[in-house]
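# Survey of secondary and tertiary structure
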Amino acid sequence: RVLIGLYGEDRYLTETGAKKIHEDNFGQLWRREWGPDRPDRREPTQMVRVLNSTPEPDETKKIYWLQVPPDVKTAREAVAWTFSLTEEEYRPEIET
């Protein structure tokens, strides 16, 4: 997350070869595969990109990157996982 902030979102995604694998109203699910030059990384890294629903004082909305397990298939499932819920259980009615 910090690296993405310092490096720049577009540059990080391009230079690491990350691919968007799903997008819905809950966010964007991104996946980065690791090559043979990183034998310490056997599993891909997946992150969900979400937008804070509460605007900042200047009316912008912060972007957050949350790492999720590599078996997550949808952005909604990824966000649900961050709350220890299944995709079916995650049914927000009001955003605060």
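Reference entry: report on the structure contained in this document.

The rules behind these values
Residues numbered from 1 in each chain as written. Predicted model: local features only at pLDDT ≥ 70, side-chain atom pairs only at ≥ 80, totals over all residues. Heavy atoms only, no water. Core = buried A, V, L, I, M, F, W, Y, C linked by side-chain atoms within 4.5 Å. Buried < 20%, exposed > 50% of the residue type's maximum accessible area, 1.4 Å probe, protein only. Helix = DSSP H or I, 4+ residues; strand = E, 2+ residues; numbered from the N terminus. Contact = heavy atoms within 4.5 Å.

Once that is clear, we can look at the nonpolar core. In a soluble, globular protein the nonpolar side chains are often hidden away together inside. Membership of the largest hydrophobic core is limited to ten residues, which are Leu29, Val48, Val50, Val68, Val72, Ala75, Ala78, Val79, Ala80 and Tyr90. Looking at this core, the elements with two or more residues in it are strand 3 (45-51) and helix 3 (75-82). Element by element, the count of residues in this core is highest for helix 3, at four residues. For Ala80, the contacting residues outside a window of four places in its chain are Leu85, Thr86, Glu87 and Tyr90. The next biggest cluster of nonpolar side chains, apart from the first, holds seven residues, and it includes Ile4, Tyr12, Trp30 and Trp65.

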